[in-house]
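# Understanding the architecture of this molecule
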Amino acid sequence: MSPQVTFKSSEDKVPEAGALADSAGKPVPPAPRLSEAVADPYTPSHGSAPRELPQRPVGLEDLGPAAALRVTGPDREKWLQGMQSNDLAAAPVGGAVAGLFLGGKGRLVASGLLWRRPDEVIVTTDRERFDALKAHLDKLLIMEDCELEDVEGLRRLRWWPSSSAPRAPEQITGSWQPLGLELLLPEAEAQSLLESLRERPRPDQIEAWRIATGVPAWGAELSEETTPIEAGLDPVLSFAKGCYVGQEVVAMATYRGRVAWNLVRVEVEGEAPRPGLRIDPDRGAKGRVTSSTQVGARSPFLGWVHKELIVPGSRVKLEDGREATVLGLPYGSLPGAGVCA
């Protein structure tokens, strides 16, 4: 199934832009088109950017066959609203929203994209988290009138935009996420697009940009022990749609300030500190570098620091004797109750 909408007749139309509304009553804009995708300048949501950014990746990234689940049935959207952190009602038909699937203690099971279609929702996640997510959702599908099944034959692509839009079919739509325009296409359509859009971003450029702009990744910053607030994942938390699994813990951390450590963007002079190097070692074992890269004479990196040190401009000590400067919270994250004093 393709993420774009097809029409059987002139009367068979998806609601016009503004006809759909999210859980807060705001109109839902149409899904973004690949043929109109251009890059916006990077501006951090909190604090400042590194003094020098790495080269921005450009082109079409092949993310491989999708690890995907299809949810069908009359209760599919209602059920999924209770299974993950974001507001599915904010997704346009043919587009997606990012959501976090949490355990009862508010820790991550998986992150994913929820692709909204006229008669189904497709959930995609990292391949290494697919089995865990499927088992998690299987366990929670009890009385609802919906079905969950594996999906084959879809491919994930990511368009890293430049200053000009690509020459692409107008019907291809996607979802803007921190690293670019995410696409979910049938295999044949994906291969056709890969053939027509030949430019590919280099993996080292992708990783450097991810780190410098502060986008957390599973296995580096994120794990089954991570909670959304401490990882700066507040952009994909909805406080308007109602309850979901793990929501009580998230709300407590947000409104009562029960977060002791936070992921932050940091910068240091010289070579990139190795992942695992301790930050502010006198304060405890939690503080450590998670991902790093070098840009010119400086090295932006991501790492965990105690909540007292997350204010932009704070100086933190590294285990190797250097001092680093905190730039701010991760991509899209904003200070709030329990996050920043």
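What you see is a predicted model, and the numbers here were worked out from it, not measured in a lab. Counting restarts for each chain, with residues numbered from 1 along the sequence as it is written. Restriction of local features to residues with pLDDT of at least 70 applies here, the model being predicted, together with a cutoff of 80 or more for giving and counting side-chain atom pairs; totals for whole chains, interfaces and linings are based on all residues. Think of the side-chain values as coming from all heavy atoms in the structure, minus any hydrogens and water.

### Observations regarding the environment of Ala132
Convention followed: A run of H or I in DSSP counts as a helix once it spans at least four residues, and a run of E counts as a strand once it spans at least two, with each numbered from the N terminus.
Inspection of the secondary structure assignment puts Ala132 in helix H2 (residues 130-140). C-alpha of Ala132 to C-alpha of Leu184: the two residues are 52 residues apart in sequence and 21 Å apart in space.

### Considering the pattern of salt bridges
Heads up, the condition is: Salt bridge, as used here, is a side-chain nitrogen of Lys or Arg placed within 4 Å of a carboxyl oxygen of Asp or Glu. In this scheme, a residue with accessible area under 20% of its type's maximum is buried, one over 50% is exposed, and one in between is partly exposed, where area comes from a 1.4 Å probe on protein chains only.
Inspection of the entire model under this criterion finds 22 salt bridges. With a closest N to O distance of 2.9 Å, Asp150 and Lys134 form a salt bridge. With a gap of 16 residues between them, Asp150 in strand E6 (residues 147-151) and Lys134 in helix H2 connect regions that are remote in the sequence. Salt-bridge contacts for Arg198 lead to Glu195; the nearest nitrogen and oxygen are separated by 2.3 Å. You can call Glu195 partly exposed: its relative accessible area is 48%. Overlapping salt bridges, with partners in common, bring together Glu61, Arg156, Arg158 and Glu182 in one network.

### Things to note about the environment of Arg70
Counted only if it meets this: Here a polar contact is recorded for every N or O atom pair within 3.5 Å, except that within protein the pair must consist of a potential hydrogen donor and a potential acceptor, and residues adjacent in sequence are included only if both atoms are side-chain atoms.
Position of Arg70 relative to the elements: it lies in strand E2 (residues 67-72). In this structure Arg70 comes out as buried when scored by relative accessible area, which is 17%. For Arg70 and Ser196, which are 126 residues apart along the polypeptide, the C-alpha to C-alpha distance reads 28 Å. Of note is the side chain of Arg70, whose polar atom sits 2.7 Å from the side chain of Glu120.

### Quick look at the sheet that holds E6
Counted only if it meets this: A strand pair is defined by DSSP finding two or more bridges across the two strands. The axes used here are C-alpha line fits, helices contributing only the stretch in contact, and every angle between their N-to-C directions lies in the interval 0 to 180 degrees.
Taken in spatial order, the five strands make up an open sheet running E3-E4-E5-E2-E6, and their pairing is antiparallel. Two strands bound the open sheet, and with one partner strand each, they are strand E3 (96-102) and E6. Between one strand and the next, the sheet's axes are offset by a mean angle of 30 degrees, whatever the strand orientation. Two strands pair when backbone bridges link them, and E3 and strand E4 (residues 108-116) are joined in this way by seven bridges, in the antiparallel orientation. Bridging across to E4, Gly99 finds its partner in Gly112.

### Brief notes about the nonpolar core
Put simply, the test is: By nonpolar core we mean a set of buried residues, namely Ala, Val, Leu, Ile, Met, Phe, Trp, Tyr and Cys, connected to one another through side-chain atoms within 4.5 Å. Two residues qualify as a contact provided that any one of their heavy atoms is within 4.5 Å of a heavy atom in the partner residue.
One finds Leu100, Leu108, Ile122 and Leu233 to be the most contacted residues of the largest nonpolar core, which totals 27 residues. At the level of elements, E3, E4, helix H5 (247-256) and strand E12 (298-306) are the ones that each hand at least two residues to this core. Sequence-distant contacts of Ile122, that is, excluding residues within four places in its chain, are made with Ala68, Leu69, Arg70, Leu113, Leu114, Trp115, Arg117, Val151, Leu154 and Leu184. If you look at the next biggest cluster of nonpolar residues, it comprises 20 residues, including Met83, Leu88, Val109 and Ala110.

### Structural notes on H5
Applicable threshold: Throughout, the arc means that of the directions going from the helix axis to the C-beta atoms.
Within the span of H5, buried status applies to Val250, Ala251, Ala253 and Thr254. Buried residues of H5, seen end-on, are gathered within an arc of 165 degrees and therefore sit on one face of the element. Those residues of H5 that are exposed and aimed more than 90 degrees away from the buried face are Glu248, Tyr255 and Arg256. Elements that come into contact with the buried residues of H5 comprise E3.

### Some points on the sheet that holds strand E7 (residues 154-160)
Hydrogen bonds between backbone groups are what pair the strands of a sheet, and the pairing can be parallel or antiparallel. Pairing is antiparallel in the open sheet, where four strands are placed in the order E1-E7-E9-E8. Two strands bound the open sheet, and with one partner strand each, they are strand E1 (59-65) and strand E8 (175-177). Ignoring strand direction, the axes of neighbouring strands in this sheet form an average angle of 30 degrees. As paired elements, E8 and strand E9 (residues 180-186) share three bridges and run antiparallel to each other. In the sheet register, Trp176 faces E9, and the bridge partner there is Leu181. Its contacts with the sheet place helix H3 (residues 187-196) against E1, E7 and E9, and it is angled at close to 130 degrees to E9.

### A word on the side chain of Ser238
With respect to the element layout, Ser238 can be found in the loop between helix H4 (203-213) and H5. Reaching out from Ser238, the side chain makes a polar contact with the backbone nitrogen of Ala240 at a distance of 3.3 Å. Not counting chain neighbours up to four residues away, the residues in contact with Ser238 comprise Ser85, Asn86, Asp87 and Tyr244.

Everything listed here is a matter of coordinates, which is why it stays silent on function.
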